[in-house]
Amino acid sequence: MSAGLHLLVSGFSLGSFYALVALGFALIFGVTHAFNLAHGELIILSGYLAYFLWRALEVHPLATLPLTLALMPLFALALAQLLRLVREPFPMNSLVVTFGVALVVEQALLYAFSADYRLIQPASPRLVPFPALGLILTETQITLLILSLMATGLVHLWLTRTFDGKALRATIQNREAARLVGINLGRMRTVAFAVGGLLIGLAGPLYGQTLYLYPAGGLEATLIAVVLTIFAGVGRIPTLLVGGWVLGLAESWAALALGANWRELVSALLLLLLLILRPEGLKIRTEA
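Residues numbered from 1 in each chain as written. Predicted model: local features only at pLDDT ≥ 70, side-chain atom pairs only at ≥ 80, totals over all residues. Heavy atoms only, no water.

Asks: Which residues make up the nonpolar core, and what are the values?
Replies: In this structure, Phe17, Leu20, Leu27, Leu199 and Tyr207 are the most contacted members of the largest nonpolar core, which totals 72 residues. For Leu199, the contacting residues outside a window of four places in its chain are Leu20, Leu23, Gly24, Leu27, Ala151 and Val155. (Core = buried A, V, L, I, M, F, W, Y, C linked by side-chain atoms within 4.5 Å. Buried < 20%, exposed > 50% of the residue type's maximum accessible area, 1.4 Å probe, protein only. Contact = heavy atoms within 4.5 Å.)

Asks: Provide a residue-level description of the side chain of Thr222, including the pertinent values.
Replies: Along the chain, Thr222 falls in helix 9 (residues 218–232). Discounting residues that sit within four places of it in the chain, Thr222 has contacts with Asn36, Leu37, His39, Gly40 and Glu41. (Helix = DSSP H or I, 4+ residues; strand = E, 2+ residues; numbered from the N terminus.)

Asks: Now, about a nonpolar patch on the surface: what can you tell me, with residues and values included?
Replies: A grouping of Trp253, Leu258, Trp262, Leu265, Leu269, Leu272, Leu273, Ile276 and Leu277 is seen on the molecular surface, where their side chains present a nonpolar patch of about 960 Å² in accessible area. Tallying contributions element by element places helix 11 (residues 263–277) first for the nonpolar patch, with 6 residues. Examined against the element boundaries, Trp253 turns out to sit in helix 10 (residues 237–257). In this structure Trp253 comes out as partly exposed when scored by relative accessible area, which is 44%. (Patch = residues over 30% accessible without salt bridge, like charges linked within 9 Å, V, L, I, M, F, W, Y side chains within 5 Å. Areas by Shrake-Rupley, 256 points an atom, 1.4 Å probe, with all protein chains shown as cover. Salt bridge = Lys/Arg side-chain N within 4 Å of Asp/Glu carboxyl O.)

Asks: An account of the pairing of strand 2 (residues 135–138) is needed here, citing residue identities and associated values.
Replies: Residues Leu135 and Leu137 line the buried face of strand 2, whereas the alternating positions Ile136 and Thr138 sit on a face that is not buried. One ladder, built from 4 bridges, connects strand 1 (residues 127–130) with strand 2; its direction is antiparallel. Its bridge partner being in strand 2, Val128 is matched across the sheet by Leu137. Linkage of strand 1 to strand 2, two consecutive antiparallel strands, is achieved through a turn of 4 residues, within which Gly134 is found at a positive phi near 65°. (Pairing = 2+ DSSP bridges.)

Asks: Would you mind going over helix 10 in detail, with residue names and values included?
Replies: Under the 1.5 Å per step criterion, the end-to-end length of helix 10 is 30 Å for 21 residues, consistent within 8% with the ideal 30 Å. Those residues of helix 10 that fall on the buried side of the exposure criterion are Ile237, Thr239, Leu240, Leu241, Gly243, Gly244, Leu247, Gly248, Ala250, Glu251, Ser252 and Ala254. After helix 10 finishes, the residue Gly259 shows a positive phi value of roughly 115°. (Expected span 1.5 Å × (residues − 1).)

Shown next, in the form of structure tokens:
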């Protein structure tokens, strides 16, 4: 029973993190229609910043969050300014520009950190026992679950309870109608990149504690963000969480039953099946 419970907790923890990875991408794509292929590289960059502080200055991984949360919105807003220079057709040209940005970030990380795999993990990870459940979790798993759910919950509350959040949702649903009722689309664009940058700043250090950091690792994060966004629909946080949990549980099951080397293959097959069987995502079912 403890093995099954551990699989569930690990899967929900990893899946919640995947939803966090996809959330920033979904907000930016929903408002601007920019297919940001540099999303994963920015997460990896944030992870490397945390790794440097942890390794060189012996800063606790959680204590690196203030710096990454402060810096990554600046990187995201700089990307927003760059995309303002992109001409029509914007979706296609933004794809090319963000791909170029991804390559620049990847090469810069390769020069600074080499191609070696890095992981933010102390020599003796702290274990937290739950005797009543017969369960032992690492501090990283608990932190990943709590921070990921807290961040997605706060963004959900912001989108549904505040004026700016509702204006952003309206822009995602219909930009022309939002403009006609007086919503400043340029401001919404800036807000989307700023919030997306904050989520990237949070996801990076968590990524470095959970998965290996390496310069080309952004592709995996971008792929997760793209597929979960397509699967869940833009601005639909509950379905984004469901998609993340399905992926996280599948990877945890593969690691337990088949071995860690099968995790990526199983997740890739699952993502392909989701896109083939439900290309419209979950949104049709939830609206019925």
